[in-house]
Amino acid sequence: MDELETALRAAADRLPVEAAPPSLEERALRDGLVDVAYATTESPVGRLLLAATPAGVVRVGWTDEGFDAVLEDLAERISPRVLEAPRRLDDARRQLDEYFAGRRTSFALPLDHQLSRGFRARAQAAIEAIPFGQTGTYASIAAAAGSPRAVRAAGTACATNPIPLIVPCHRVVRSDGSMGQYGGGVERKRLLLELEHALPA
Amino acid sequence: MSRLPPFQEVLERYGRDVLRVCAAVAGPAHADDCYQETMLAALSAYPGLRDPSVVRSWLLRIASNKAIDAHRTRARSPVPVAEPDPGAAPAVPAHDEELWARVRELPDKQRIAVAYRFVADLAYREIGDAMGTSEEAARRNVFEGLRRLRAVHEAAAATR
């Protein structure tokens, strides 16, 4: 390698691009180029991933799911135009903060249910109707979704709920009064029911 | 169904390469604009990309096109090309800027090829992919670019 090539390489190393590249968020959102916007936020149940399409919140992810894995799944199932764009999640983050602070009992957020179909979508719609501080049972959800015998499937609908917290599957408990399972783990379910003063006796 | 990674991952993995190529080819004062134009164009076209394995050369090709656009716009503007750009351009050592200014005087293909080779550190095959030419043509463009740069350098040294 001669003198000129050495000089070019050295000069390339000194190019002043140490700082983070400029953010695309504002223009990408304005130009409608973001199919899935996401942000992360801290909460008493750990760091959360929030993702929204232009239609509304489409996914809430737990830290133990691995945010990269969740984003890859969204890229595949919705669109690879996935961008960190916290502005679009501002409302969701604020309302979740208020919920955890005990200052909010229901969410007023547009939701995008495209990740759920059929019975699961109907069951999740029934879950949305359970008010703060109350609980429903897997059997009642199965019945509300139109298949009273599909109690086990109602459990699966809870476990695969793509929008936990906002679609409050933590409020679904077993008919014998015990807490039952939770997609985010039983400890989180207990904490959420405690927060709502709805822990089964 | 394509299996493209989330675009954010592309940004994080290749953003710096794009910014550096922009800085070298369009000039540091235009690097941020060139980067934004590149990434917005890439985001817009991203779902149509057939083969995820070519994403880097695909991005760099968009970047070089945007850098050439920026370069042409500037060349048409009344501000002389050699004049430093106003505004808060990041500082490039004067000696380096002299070198980049000469690189920017090269014909498009040579300028881009030299930037890919020495700034993005691409292999000749990758340069060919990014420029839509053969590996051999890529090698020739770099070689010709270096030959011209040496000639300019020697001419400048002779007049000192």
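Each chain has its residues counted from 1, running along the sequence as written. To label them, take the chains in the order written and letter them from A, then take the ligands in the order written and number them from 1. Only residues with pLDDT of 70 or above have their local features reported here, since the model is predicted, and side-chain atom pairs are shown and tallied only from 80 upward, although totals for entire chains, interfaces and linings are computed over all residues.

Colleague: What should I look at first to understand the overall build of chain B in this one?
Modeller: Helical segments are the DSSP runs of H or I of at least four residues, strand segments are the runs of E of at least two, and each set is numbered from the N terminus. What chain B contains, in helices and strands, is 7 helices and 0 strands. Starting at the N terminus and walking to the C terminus, you meet the elements of chain B as α-α-α-α-α-α-α. Looking at chain B residue by residue over its 160 residues, the buried ones come to 41%. A sequence separation of at least 24 residues applies to 68% of the contacts in chain B between residues at least 6 apart. Exposure is read from a count of other C-beta atoms within 10 Å of each residue's own; the residue is exposed at 12 or fewer, buried at 20 or more and partly exposed in between. C-beta atoms are placed from the backbone. Contact between residues is assigned whenever the C-beta positions, reconstructed from backbone atoms, fall within 7 Å.

Colleague: Can you walk me through the overall build of chain A in this structure?
Modeller: Scanning chain A from N- to C-terminus turns up 8 helices and 6 strands. Listing every helix and strand of chain A by position from the N terminus yields α-α-β-β-β-α-β-α-α-β-α-α-β-α. For 201 residues, the compact-globule estimate of 2.2 N^0.38 gives 17 Å, and the C-alpha radius of gyration of chain A, at 21 Å, exceeds that figure by more than 25%. With respect to the principal axes defined by its C-alpha atoms, chain A has extents near 80 × 35 × 30 Å. Between the two quantities, the radius of gyration covers C-alpha atoms and the globule rule is 2.2 Å times the number of residues to the power 0.38.

Colleague: Teacher, can you tell me more about helix α1 (residues 3–13) of chain A here?
Modeller: Since there are 3.6 residues in each turn of an α-helix, residues three or four apart along the chain are aligned in direction. Of the positions making up α1(A), those classed as buried are Leu8(A), Ala11(A) and Ala12(A). On an axial view of α1(A), the arc spanned by its buried residues comes to 100 degrees, and they lie on one face. Exposed positions of α1(A) whose direction lies more than 90 degrees from the buried face are Glu3(A), Thr6(A) and Asp13(A). Contacts from the buried residues of α1(A) go to α1 (7–26), α4 (94–105) and α5 (108–118) of chain B. As used here, the arc is the angular range of directions from the helix axis to the C-beta atoms.

Colleague: Explanation requested: unusual backbone geometry in the structure shown.
Modeller: Across the chain, the bulk of peptide bonds are trans and the bulk of non-glycine residues have phi less than zero. In the Ramachandran plot, Leu165(A) falls in the positive-phi region, its phi being about 75 degrees despite a non-glycine side chain. Of note, Leu165(A) is situated in the loop between α7 (151–159) and β6 (172–173). Positive phi values are uncommon outside glycine, yet Asp121(B) reaches one of about 60 degrees. Mapped onto the elements of the fold, Asp121(B) is located in the loop between α5 and α6 (124–131). Exposure remark for Asp121(B): the 12 C-beta atoms within 10 Å place this residue in the exposed category.

Colleague: Is there a simple way to think about the pairing of strand β2 (residues 48–53) of chain A in this case?
Modeller: Consecutive side chains along a regular strand alternate between the two faces of the sheet. All names here are of chain A. Extensive coverage of β2 is indicated by the burial of 6 of its 6 residues. Across the two faces of β2 the burial is the same, with Leu-48, Leu-50 and Ala-52 and Leu-49, Ala-51 and Thr-53 all buried. Here strand β1 (residues 36–41) pairs with β2 via 5 bridges, running antiparallel. In the strand pairing of β2, Thr-40 is matched with Leu-49. Note: two strands are recorded as paired if DSSP finds a minimum of 2 bridges between them. The hairpin formed by β1 and β2 contains 6 residues between the paired strands, and Gly-46 there has a positive phi angle of roughly 95 degrees. Pairing analysis gives 6 bridges linking β2 to strand β3 (residues 56–62), with the strands arranged antiparallel. Within β3, the position partnered with Ala-51 by the bridge is Arg-59. Between the antiparallel neighbours β2 and β3 lie 2 residues.

Colleague: For this particular structure, what's the right way to read the domain arrangement of chain A?
Modeller: Often, the extent of an interface is quoted as the loss of accessible area upon association of its parts. Residues and elements named next belong to chain A. Here chain A is described as being made up of domain 1 (25–100) and domain 2 (118–195). Those domain boundaries reflect an automatic or database domain assignment. For domain 1 versus domain 2, the distance between C-alpha centres works out to 23 Å. Ranked by residues supplied to the side of domain 1 that touches domain 2, first place goes to β3 with 5 residues. Residue type decides the class: Asp, Glu, Lys and Arg count as charged, Ala, Val, Leu, Ile, Met, Phe, Trp, Tyr, Cys and Pro as nonpolar, and the leftover types, Gly among them, as polar. Residues of the side of domain 1 that touches domain 2, tallied by class, amount to 7 nonpolar, no polar and 1 charged.

Colleague: Explain the pairing of β1(A) to me, please; I cannot follow it from the model alone.
Modeller: When β1(A) meets strand β4 (residues 82–84) of chain A, the two strands line up parallel, connected through 3 bridges. Along β4(A), the bridge assignment pairs Val36(A) with Val82(A).

Colleague: What's the story with the interface of chain A and chain B in this structure? I'm lost.
Modeller: Taken together, the 28 residues of chain A in the interface contact 36 residues of chain B. Contributions of two or more residues to the side of chain A that touches chain B are made by α1, α2 (25–30), α3 (67–77) and β4 of chain A. The element best represented in the side of chain A that touches chain B is α1(A), accounting for 7 residues. Considering only residue class, the side of chain A that touches chain B consists of 18 nonpolar, 1 polar and 9 charged.

Colleague: Help me out: how do you make sense of the environment of Ala67(B) in this one?
Modeller: Residue and element names in this part refer to chain B. Topologically, Ala-67 is positioned in helix α3 (residues 55–76). Residue classification places Ala-67 among the buried positions, given that 31 C-beta atoms sit within 10 Å. In this structure, the C-alpha to C-alpha distance between Ala-67 and Val-21, residues 46 residues apart in sequence, is 8.2 Å. When sequence neighbours within four positions are dropped, the list of residues in contact with Ala-67 reads Val-21, Cys-22, Val-25, Ala-26 and Cys-34.

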